[in-house]
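Geometric and topological summary
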Amino acid sequence: MTLQQIHYLITISQAGSFNKAAEQLYVSQPSLTSAIQEVEKEIGITLFNRSGKGVTLTNDGAEFLLYARQVYSQYENLLEKFGKNSSLKKKFGVSTQHYSFAVKAFVEMVKAFDTSKYEFAIREAKTQDVIRDVSTLKSEIGILYLSDFNRKAIRKLLTSNNLEFHKLIDCRAYVYLWKGHPLAKEPSIHFSQLDPYPCLSFEQGDNSSFYFAEEILSMNEYPRTIKACDRATMLNLMVGLNGYTLCSGIICEELNGTDFAAVPFEADDLNPNSVMEIGYIVRKNVLLSQMGSLYIQNIETYLNAHAAPEA
């Protein structure tokens, strides 16, 4: 089996047909078919279900593709590091929970490269999608958090997907709201003070476990809740409805604007101020690309410089 054949396999799975893949690869359709048949004969499994509408991966093919992507990704990383004359357009992606500092670090990383030679992607996604993107190598790095509440469930999911978690920083809970909110000027905010206002949270999908919630203290009972899918909508709801969310307190004003405030959450016996352990996930035994290494360096620098003080 050759790296070229693996590249063919990945392209066919993305294109959904041999004809479309052949056009993208600038090879004849019979040559492409022959190459895949050689791979199937070598490994002893059928990779694709073929029909008049195109092709789909078999169960064996989907599992094989997972490992094939990892091999090809490492090949691309080696070319990037050592192949000075490589004309391959390099790809780099990050999947993250909804953190403005993760986007800011991504922006600074991209500035260091010629975007005509690279294909960059950043995906603000549901927690499960962050894990899935990294496990399938759709993204090289994922950003999420652990707490005493979700740690066991999330770590079990990471282990089953051959992923590892690297800690970046510990944060305590802050109440994030707009500066015109009646509680915005309080030195700290107690849970009972929030009762009249809607708690905003990021939607995690139908029947999604509350272990995947992005907001700390997600196990609490909130009398008023509204779910949103993106940061822009959540910020609008903060202004329009005096909504709030519980977060790390690390806010990028350059991206979110200066009309919002993070007020320390005041803990009590029933509502302890749990620690958010923010970190990044990668596949085990995977060599980070140059972009990946710089991204982690940028996010560490930003977090160290802008972390909210202890409440």
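Residues numbered from 1 in each chain as written. Predicted model: local features only at pLDDT ≥ 70, side-chain atom pairs only at ≥ 80, totals over all residues. Heavy atoms only, no water.

With an unreviewed UniProt entry as reference, the protein is termed LysR family transcriptional regulator, source organism Caproicibacterium argilliputei.

1. Topic: the overall build of the protein
Of the regular secondary structure elements, the protein holds ten helices and 13 strands. Taken over the C-alpha atoms alone, the protein extends approximately 70 × 40 × 35 Å along its principal axes. Within the span of the protein, comprising 311 residues, buried residues form 47% of the whole. At a minimum sequence separation of 6, the contacts of the protein that also span at least 24 residues come to 77%. Accessible area of the protein: about 15,800 Å², with a carbon and sulfur share of 49%. Distance from the positive charge centre (30 side chains) to the negative charge centre (35 side chains) of the protein: 6 Å. (Helix = DSSP H or I, 4+ residues; strand = E, 2+ residues; numbered from the N terminus. Buried < 20%, exposed > 50% of the residue type's maximum accessible area, 1.4 Å probe, protein only. Contact = heavy atoms within 4.5 Å. Areas by Shrake-Rupley, 256 points an atom, 1.4 Å probe, with all protein chains shown as cover. Lys, Arg positive; Asp, Glu negative; His and termini not counted. Charge placed at Lys NZ, Arg CZ, Asp CG, Glu CD.)

2. Some words on the packing of helix 5 (residues 100-110) against helix 10 (residues 290-306)
One way to put it is that helix 5 packs onto helix 10 with a least axis distance of 8 Å and a crossing angle of 130°. For the element pair helix 5 / helix 10, the angle class is oblique. Both helix 5 and helix 10 take part in a crossing whose hand is right-handed. Residues Phe101, Ala102, Lys104, Ala105, Phe106, Glu108 and Met109 of helix 5 pack against Met291, Leu294, Tyr295, Asn298, Ile299, Tyr302 and Leu303 of helix 10. (Axes fitted to C-alpha atoms, helices over the stretch in contact; angles between N-to-C directions. Parallel < 35°, antiparallel > 145°, perpendicular 65-115°, else oblique. Left-handed = near helix turned anticlockwise from the far one by under 90°.)

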